[in-house]
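# Observations on the model geometry
Single-letter residue listing:
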Amino acid sequence: MFEMDHPWWEFVVRGAAVYLILLLMVRVSGRRTVGQFTPFDLLVVMLLSEAVSNSLTGGDQSLFGGFIVAAVLVGLNMTMSFLSSHSKKMSDILDGSAVLLGRDGELYDKVMKRCRISREEVDQALRCSDCDIKDMRCAFLEADGQITIQRK
């Protein structure tokens, strides 16, 4: 229980590698937030955690190994948050930036397809903003996955 199967630094390397690779995969996969997950999105997140669990510890079952990996993940998350809040460039890389989905009542189909946003999702945002499509000045897909509407 207290005896580690691997040296401490291996947990640090494993934790950092898994964190950075998953961060890249999540950034590439899209802009949905937890509240916007479809059942399929949620299933992928759950399976990802199971898929990488052995990668984090290398089969080690010790308490200290788990604590080291947890500390590395929390530390990396704090570092990424710090970098994102202190650098516009890092914020754009890590968090993304808003994407224009449409202007003056016209939606950009190619942009919506690239962002994997359906017409129904935009229609829902229009309804939430109490705005008809003809009254829409701009529609944005925000970095956090929300769709915001500006009225004319």
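This section reports on the structure supplied with the text. (Residues numbered from 1 in each chain as written. Predicted model: local features only at pLDDT ≥ 70, side-chain atom pairs only at ≥ 80, totals over all residues. Heavy atoms only, no water.)

### Focus on the overall build of the protein
Helices and strands together make up the secondary structure of the protein, namely six helices and four strands. For the protein, the sequential pattern of α-helices and β-strands runs α-α-α-α-β-β-α-α-β-β. Rg of the C-alpha trace for the protein: 20 Å, well past the compact-globule value of 15 Å for 152 residues, more than 25% over. Its C-alpha atoms give the protein principal-axis dimensions of roughly 65 × 35 × 25 Å. Within the span of the protein, comprising 152 residues, buried residues form 26% of the whole. The long-range share in the protein, meaning contacts at least 24 apart out of those at least 6 apart in sequence, stands at 64%. Carbon and sulfur atoms make up 62% of the accessible area of the protein, which totals about 10,200 Å². If you average the places of the 17 positive and of the 19 negative side-chain charges in the protein, the two averages end up 10 Å apart. (Helix = DSSP H or I, 4+ residues; strand = E, 2+ residues; numbered from the N terminus. Rg over C-alpha atoms; globule rule 2.2 N^0.38 Å. Buried < 20%, exposed > 50% of the residue type's maximum accessible area, 1.4 Å probe, protein only. Contact = heavy atoms within 4.5 Å. Areas by Shrake-Rupley, 256 points an atom, 1.4 Å probe, with all protein chains shown as cover. Lys, Arg positive; Asp, Glu negative; His and termini not counted. Charge placed at Lys NZ, Arg CZ, Asp CG, Glu CD.)

### Notes on the nonpolar core
Leu 101, Ile 117, Val 122, Met 136, Leu 141, Ile 147 and Ile 149 are the most contacted members of the largest nonpolar core, which totals 16 residues. Elements supplying a minimum of two residues to this core: β1 (99-103), α5 (109-114), α6 (119-128), β3 (136-141) and β4 (147-151). Residues in contact with Leu 101, not counting those within four places in the same chain, are Leu 107, Tyr 108, Val 111, Met 112, Ile 117, Val 122, Ala 139, Phe 140, Leu 141 and Ile 147. Judged by nonpolar contacts, the second largest core, of six residues, contains Ala 16, Val 72, Met 80 and Leu 94. (Core = buried A, V, L, I, M, F, W, Y, C linked by side-chain atoms within 4.5 Å.)

### Remarks on the pairing of β3
Where β1 and β3 come together, four bridges link them in antiparallel fashion. Each bridged residue has a counterpart across the sheet, and for Leu 100 the counterpart in β3 is Phe 140. Bridging between β3 and β4 involves five bridges; their strand directions are antiparallel. Counted as the bridge partner of Phe 140 is Thr 148 from β4. (Pairing = 2+ DSSP bridges.)

### Quick word on the environment of Lys 152
Within the secondary structure, Lys 152 is located in the segment after β4. Setting aside residues no more than four positions away along its own chain, Lys 152 makes contact with Asp 104, Lys 134, Asp 135, Met 136 and Arg 137. Side-chain polar atoms of Lys 152 contact the backbone oxygen of Lys 134, separated by 3.2 Å. (Polar contact = N/O pair within 3.5 Å; in protein donor to acceptor, adjacent residues only side chain to side chain.)

The analysis is restricted to geometry; functional conclusions fall outside its scope.
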